Structure formats: C-alpha cells, structure tokens
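# Geometric and topological summary
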Amino acid sequence: LVKCKTIDLEVPAYAEMVFEGTLSTNEVEPEAPFGETHGYMGRRAFMPFFTVSCITHRKNPVFQAFLSQYPPSESTGIKLPGHDSGLYKYLKHDCKQSWVVEVAHHEATSALGHITIKVANTEQDNVWATLEEAAEFSRTRPMTKIIVAVDDDIAIHDPDSINWAMTTRMEPHRDCRIKTGREVSFLDQTVDTQEDHAKRDYSDDSQKTSLLLINATMKWPYTPVSLPKKEFMEKAIQIWEEEKLPALTLKEPWWGAQLGYWPSDWDEHAVMAVKGDYKLVGD
C-alpha cells in the first residue's frame, strides 16, 4: 500500500490508476439515462457525484471499462461465466446435489433472465429440490424470471433444444411453480411504469416480482428420438466427408438416441424393414 496525495487513505501500490476525491453527503445530481444490460435505456435517477482532487497512475496505465447495452454486449459477456459457475457451485457443492450436470444463463436475457439447469438420472423430488434451491439463490437477483430443469440429453446452450424439451416433456398445470416475494430491481420495467417508479414504496414489494420454475424433464421412459440410428448417421457423415462437402456442425440431437422405451419386437421389426422384409412384419 502507498499513501494518497490529497486524502488520508492508503491504496494498492500496483493500482493502474487512482482517483482521489470526495463524495458529497448532502448533494446529488441527475444521472442521464444509460443503455442498460436488459436491452432498454435505464431510467434517469439522482445519484451521488465524485469531486476529483488528484489522479495518479502507473506508466502507460490500462484503463478498464465496458459497454452495457442491448445483449449481447461486453456486460453480458463478462457476467455469463461468473453466473454459470456461481450457481453451479452452489447447487453441486454447497447443496450436495450430485445430479446437477451443468448450468446455463442465457446471454440474450442479460445473462440473468432465463436459466437452464441440466440434471442426470435423478428422481422428480430431486429435480424440484434443484429448482427450489436455484430460486432461493436467485432471490436477490430479481431480473431472473424463468428457471428450467432439463434432462442430460438436452443442449442447454441451444434455445431450440430447450424449447423442444419444454413443449414435449412439460405440462404447465403439473410441472410449473411460481415463486413470489423476491427483491425488486430498479432495472425491472415489468414492475411499474416510468412515472410510478419514481414514487415506488420499496417497503411493500413482496408481491410485485415472481419467478417461474419449469420442470421440463421426462417423467417416465420415452420412445427414441425420431432420427436414424447412430450407425446410419455416422455412415452419412463418412460419405459427406469423402465427398469433400463443407464441414458439418452437428446439432444435438443428431441421431435417434434411446430414451428408455422401445420393446424388443419393435426393434426386430425395424431391422426387418431396413433389410426390405417389411412384408414379413405384416405377416
């Protein structure tokens, strides 16, 4: 640490830049509306201001700043890995939920609004335990509106895969819960109008925000994914590469994975059909 030049404080000697000065305790100034992480211009607000008395710096200092605006932006790019790892660590290690595989905050929702959690081979009670704990973790993150739990065959960074799971493995009246009584964010424009925001009573906000929990996992064994078997798709990829066609970017699911229900006689009939013996199936 080294002493400041104009105020009685010590600061890290390796700091890139040091701004010395004072904050008024009895005056504020209007802060202009700024572009915000949720994708809208922030409301104008009265904020404290800093009066600079001295600036010191290293030789050729690095001044760090980032833009916060409609996602994706530098703001959401910085937040994303921190939010993913923070919630994952809380669920997997702090809450001892071994079935949690991966967590994804979606950058298009300011890396906060929509969270998807991948779980593996677990009971429905465990799925709901994960969703409830994630809701508790998000109590002080009021911009989070939707938390979805999916099976481990879902690509949780792909909105198409998540939407597929939600529409084929979830029934709203049975598989959704709404949590209320969370904190209110000044960035949340769903809570009140611009005019009401200025006179909001923060002491009575218990019912103004809510969070939707969605259990989009399979509740029982499903039939296979309706795509060709892996061996056929791998052969197709081989032919594609031999023909020197443009490189493939495979998207999950890319083959007909088994999901638990497929009677042996169905498999036998499928093999017969592939061989051209479909008439034998009829017989």
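Turning to helix α3 (residues 159-168), its buried residues number three or more, namely Ser161, Ile162, Ala165 and Met166. Seen along its axis, α3 keeps its buried residues to an arc of 135°; they face one direction. Between a side-chain oxygen at the N-terminus of α3 and the backbone nitrogen of aspartate 160 the separation is 3.0 Å; the capping residue is aspartate 158.

Moving on to the nonpolar core. Of all hydrophobic cores here, the largest spans 18 residues; its most connected members are Leu87, Leu91, Val103, Ile117, Leu131, Ile147 and Leu213. Mapped onto this core, the elements with two or more residues apiece are α1 (74-94), β7 (100-105), β8 (114-119), α2 (124-137), β9 (146-150) and β11 (210-216). Sort the elements by how many residues they give to this core and α2 lands first, with five residues. Ignoring anything within four residues of it in the chain, the contact list for leucine 213 reads Trp128, Leu131, Glu132, Ala135, Ile147, Asp175, Cys176, Arg177 and Lys179. Membership of the second largest hydrophobic core comes to eleven residues, among which are Val148, Ile154, Met166 and Ala216.

For the rest of this paragraph, the subject is a nonpolar patch on the surface. Judged by side-chain polarity, Phe19, Leu23, Phe50, Val52, Ile55 and Phe63 come together as a nonpolar surface patch covering roughly 600 Å² of accessible area. Of all the secondary-structure elements, those providing two or more residues to the nonpolar patch are β3 (17-23) and β6 (50-57). Of all the elements, β6 adds the most residues to the nonpolar patch, at three residues. By the element assignment, phenylalanine 19 lies in strand β3.

Under the defined criterion, the tally for this structure stands at 14 salt bridges. The partner of arginine 58 in a salt bridge is glutamate 16, with the nearest N and O atoms 3.6 Å apart. With arginine 58 in the loop between β6 and α1 and glutamate 16 in the loop between β2 (10-11) and β3, this residue pair connects regions lying 42 residues apart in the sequence. Judged by relative accessible area, which is 42%, arginine 58 ranks as partly exposed. Relative accessible area serves as the criterion here: at 28%, glutamate 16 is assigned to the partly exposed category. One salt bridge in this structure joins arginine 169 and aspartate 153, with 2.9 Å as the shortest N-O distance.

Inspection of the secondary structure assignment puts glycine 282 in helix α8 (residues 278-282). For the pair glycine 282 and phenylalanine 49, spaced 233 residues apart in the sequence, the C-alpha separation amounts to 82 Å.

Our next topic: the side chain of arginine 169. Along the chain, arginine 169 falls in the loop between α3 and α4 (172-175). Look at arginine 169 and you get buried, because its relative accessible area is 2%. Leaving out residues up to four positions away in the same chain, arginine 169 has contacts with Asp151, Asp153, Ile154, Trp164, Asp175, Asn215, Ala216, Thr217, Met218, Lys219, Tyr222 and Leu259.

Right, let's talk about the pairing of β11 for a bit. With five of its seven residues buried, β11 lies for the most part within the structure. Pairing of β9 with β11, which is carried by five bridges, proceeds in the parallel orientation. Looking across to β11, one finds that valine 148 is bridged to isoleucine 214. Both strand β10 (residues 176-180) and β11 contribute to a ladder of five bridges, which runs antiparallel. Within β11, the residue paired with isoleucine 178 across the bridge is leucine 212.

Now for helix α6 (residues 230-242). Along its 13 residues, α6 runs 18 Å from first to last C-alpha, staying within 8% of the 18 Å computed at 1.5 Å per residue. Residue lysine 244 follows α6 closely and has a positive phi angle near 55°.

Scoring rules and cut-offs
- One numbering rule holds for all chains: residues counted from 1, following each sequence as written.
- Local features in this predicted model are restricted to residues of pLDDT 70 or higher, and side-chain atom pairs are both shown and tallied only at a pLDDT of 80 or more, whereas totals for entire chains, interfaces and linings draw on every residue.
- As a rule here, side-chain values come from all non-hydrogen atoms in the structure, and water together with hydrogens is ignored.
- Under the scheme applied here, a residue whose accessible area is under 20% of the maximum for its type counts as buried, over 50% as exposed, and between as partly exposed, the area being computed with a 1.4 Å probe on protein chains only.
- Comment: elements are numbered from the N terminus, with helices defined as DSSP H or I runs of at least four residues and strands as E runs of at least two.
- Think of the arc as the fan of directions from the helix axis to the C-beta atoms.
- N or O atoms within 3.5 Å of each other form a polar contact, as long as, within protein, one can give a hydrogen and the other can take it, and as long as residues adjacent in sequence are counted only when both atoms are side-chain atoms.
- The term nonpolar core refers to a set of buried residues drawn from Ala, Val, Leu, Ile, Met, Phe, Trp, Tyr and Cys, joined through side-chain atoms within 4.5 Å.
- Any two residues having at least one pair of non-hydrogen atoms within 4.5 Å are treated as being in contact.
- Each patch is built from residues lacking any salt bridge and having more than 30% relative accessible area; the joining distance is 9 Å for like charges and 5 Å for nonpolar side chains (Val, Leu, Ile, Met, Phe, Trp, Tyr).
- Surface exposure here means Shrake-Rupley accessible area, sampled with a 1.4 Å probe, where a residue is shielded only by the protein chains that are shown.
- The rule for a salt bridge is simple: a side-chain nitrogen of Lys or Arg has to be within 4 Å of a carboxyl oxygen of Asp or Glu.
- DSSP-based pairing: two strands are paired if at least 2 bridges between them are found.
- An expected span of 1.5 Å times one less than the residue number is assigned to each helix.

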